[in-house]
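Residue strings, one per chain:
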Amino acid sequence: MEIKAWNFVMFSCLVVSFLASSSSAQTCVSQTISNNRQYANCTDLPALNSYLHWTYNESAGTVEIAFRHTGTTSSQWSAWGINPSGPRMVGTQALVAFVNSSGVAQAFTTSIDSLGPSMQPTDLSFPVPSLSATFENNEMTIFAVLRISQNLLSTSQVWQEGRVSNGQIQPHSTTGANVQSAGSINFLTGASRGSSSAGSRTRRRNVHGVLNTVSWGILMPLGAITARYMKVFKSADPAWFYLHVACQSSAYVVGVAGWATGIKLGSDSPGVTYNPHRTIGIILFCFGTLQVFALLLRPNKDHKYRLYWNIYHHLIGYSVIILSIVNIFEGFDILNPDDKWERVYIGILIFLGVLATFLEAFTWYVVIRRKKTNKHPHTMNGANGHGYGATAMGQRL
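About the thresholds
Residues numbered from 1 in each chain as written. Predicted model: local features only at pLDDT ≥ 70, side-chain atom pairs only at ≥ 80, totals over all residues. Heavy atoms only, no water. UniProt positions renumbered as here; feature names shortened; annotations may be inferred. Buried < 20%, exposed > 50% of the residue type's maximum accessible area, 1.4 Å probe, protein only. Contact = heavy atoms within 4.5 Å. Helix = DSSP H or I, 4+ residues; strand = E, 2+ residues; numbered from the N terminus. Salt bridge = Lys/Arg side-chain N within 4 Å of Asp/Glu carboxyl O. Phe/Tyr/Trp six-rings, centres within 6.5 Å; stacked < 30°, edge-to-face > 60°. Lys NZ or Arg CZ within 6 Å of the ring centre and 35° of its normal. Disulfide = S-S within 2.5 Å. Core = buried A, V, L, I, M, F, W, Y, C linked by side-chain atoms within 4.5 Å.

## What about the UniProt feature "binding site: heme b" (unreviewed entry) in the chain?
- Per the UniProt record, the feature "binding site: heme b" (unreviewed entry) sits at His-208, His-244, His-277 and His-313.
- Accessibility expressed as a relative area gives 14% for His-208, which makes it buried.
- Filtering out sequence-adjacent residues up to four positions away, His-208 remains in contact with Gly-258, Thr-261, Gly-262, Leu-265 and His-277.
- Mapped onto the elements, His-313 comes out in helix H5 (residues 306–335).

Here it is, written out as structure tokens:
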């Protein structure tokens, strides 16, 4: 068992190293939006030093976006828009921002209806209930809320930059990166063709949540139930031990993967902190690692320190289970998924609780019956003082 335990530890370390060292090509995930605004998804656009952050609100039918254009100046305008007719200029429903003569970032909407548009403020084909812009440190950011229909959730996107002269927006260049600034966007799935990475922050957060729920929140309690109730039956020895180790070690490896993705998410979001969730997660990782290493130090059953090892093992084990459940519900509050997923997990916990209660009562029945079977009455009989009384009690049971 010591060799198996060591193999599990080594494998877990490799998982942590791999996940910690593997980083997404995305730059947007490490960006901090002004006023600490948070968005569920982001993508690096492949031209003009631009990035798009967004959150889709299905119930409201809106997309909240932040378009960031870095490395620009106060004498340039920035624009982003969607075009249901394709990744081209004509037909684009655009959001435009520039620094006006008062030195303030100004944003407006305009519909591009020709190759030589007037770039004057006009309404779009869909409502834009909120629109603003900021210009700081050579970076223009356009904030907007778009109320779009289902058929625009997957569409084409276009972004652009150009010069501003005497308060007037000038035509953009038609060479280089200015003719490469088009692609597709799916506000629902987070996919963006042509970006440096098609993955979304929401998807990675969901993976983090699923890994931790399955490992710490389901496999760990299941492994504890296996050890506590199977070992009562002599016929299950040593099978219960191997099942317990396999279940807990698998939970630890998957849990380490989930923990590592959480650490990576935290490092990619320096402006976002969830202190209770993060602190409990670190404690869980430490306790889980102690449990795995405890296999290497597990004394024999008749060793004088076995009692102390059992106390330590049970104390840490039950602490891990309790903290895991608490942290999973902390995660639900952070991810804010559909209510059905939280209800599913609550249902699993109820099932495990009912199962543990039933097995607790049944194993106590088995233990009490076994003690009665093995009990020797004080009635003296024969040379050894036992014999007949013990046999009679065995027959009655």
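## What to know about the pattern of salt bridges
- Per the stated rule, a full pass over the model turns up 2 salt bridges.
- The residue Arg-68 makes a salt bridge to Glu-139 at a minimum N-O spacing of 2.4 Å. One end of the pair, Arg-68, is in strand E3 (residues 62–70); the other, Glu-139, is in strand E8 (residues 139–147), and 71 residues separate them in sequence. A single burial state applies to Arg-68 and to Glu-139, both of which are buried.

## So, the packing of aromatic side chains
- Summed over all chains, the structure comprises 11 aromatic pairs.
- Judged by centre distance (6.0 Å) and plane angle (80 degrees), the rings of Trp-54 and Phe-187 are edge-to-face. Note that Trp-54 is positioned in strand E2 (residues 50–57) and Phe-187 in the loop between strand E11 (182–186) and helix H2 (201–230), a separation of 133 residues in sequence.
- Between the aromatic rings of Phe-332 and Tyr-345, the centroid separation amounts to 6.2 Å while the plane-to-plane angle is 50 degrees, which identifies the pairing as tilted. Taken as a pair, Phe-332 in helix H5 and Tyr-345 in helix H6 (residues 339–374) lie far apart in primary sequence, 13 residues in all. By the burial criterion, Phe-332 is buried, and Tyr-345 matches it.
- The structure contains a cluster of three or more aromatic residues connected by ring pairs, namely Trp-240, Phe-241 and Tyr-242.
- In this structure, Arg-37 packs its charged tip against the face of Phe-143, placed 3.8 Å from the ring centre.

## Overview of the state of the cysteines
- With the rule as written, the count across this model stands at 1 disulfide.
- The disulfide bridge from Cys-28 ends at Cys-42, spanning 2.1 Å between sulfur atoms. Handedness of the Cys-28-Cys-42 disulfide follows from its S-S torsion of about 70 degrees: it is right-handed. In this pair, Cys-28 sits in the loop between helix H1 (2–21) and strand E1 (41–44) while Cys-42 sits in strand E1, placing the two residues 14 residues apart along the sequence. Exposure class is identical for Cys-28 and Cys-42. Each is buried.

## Details of the side chain of Thr-70
- As for its placement among the helices and strands, Thr-70 is situated in strand E3.
- Other than its neighbours up to four places away in sequence, Thr-70 contacts Leu-48, Asn-49, Tyr-51, Asn-138 and Glu-139.

## Points about the nonpolar core
- Within the largest apolar cluster, 28 residues are counted, with the highest numbers of intra-cluster contacts made by Leu-52, Ile-65, Phe-67, Trp-80, Leu-95, Ile-148 and Phe-187.
- Taken together, the elements giving at least two residues each to this core come down to E2, E3, strand E4 (76–83), strand E5 (93–99) and E8.
- Among residues more than four places away in sequence, those in contact with Ile-65 are Tyr-39, Leu-52, His-53, Trp-54, Trp-80, Leu-95, Ile-142, Phe-143 and Ala-144.
- Trp-216, Ala-251, Val-256 and Val-292 belong to the second-largest nonpolar core, a separate cluster that totals 12 residues.

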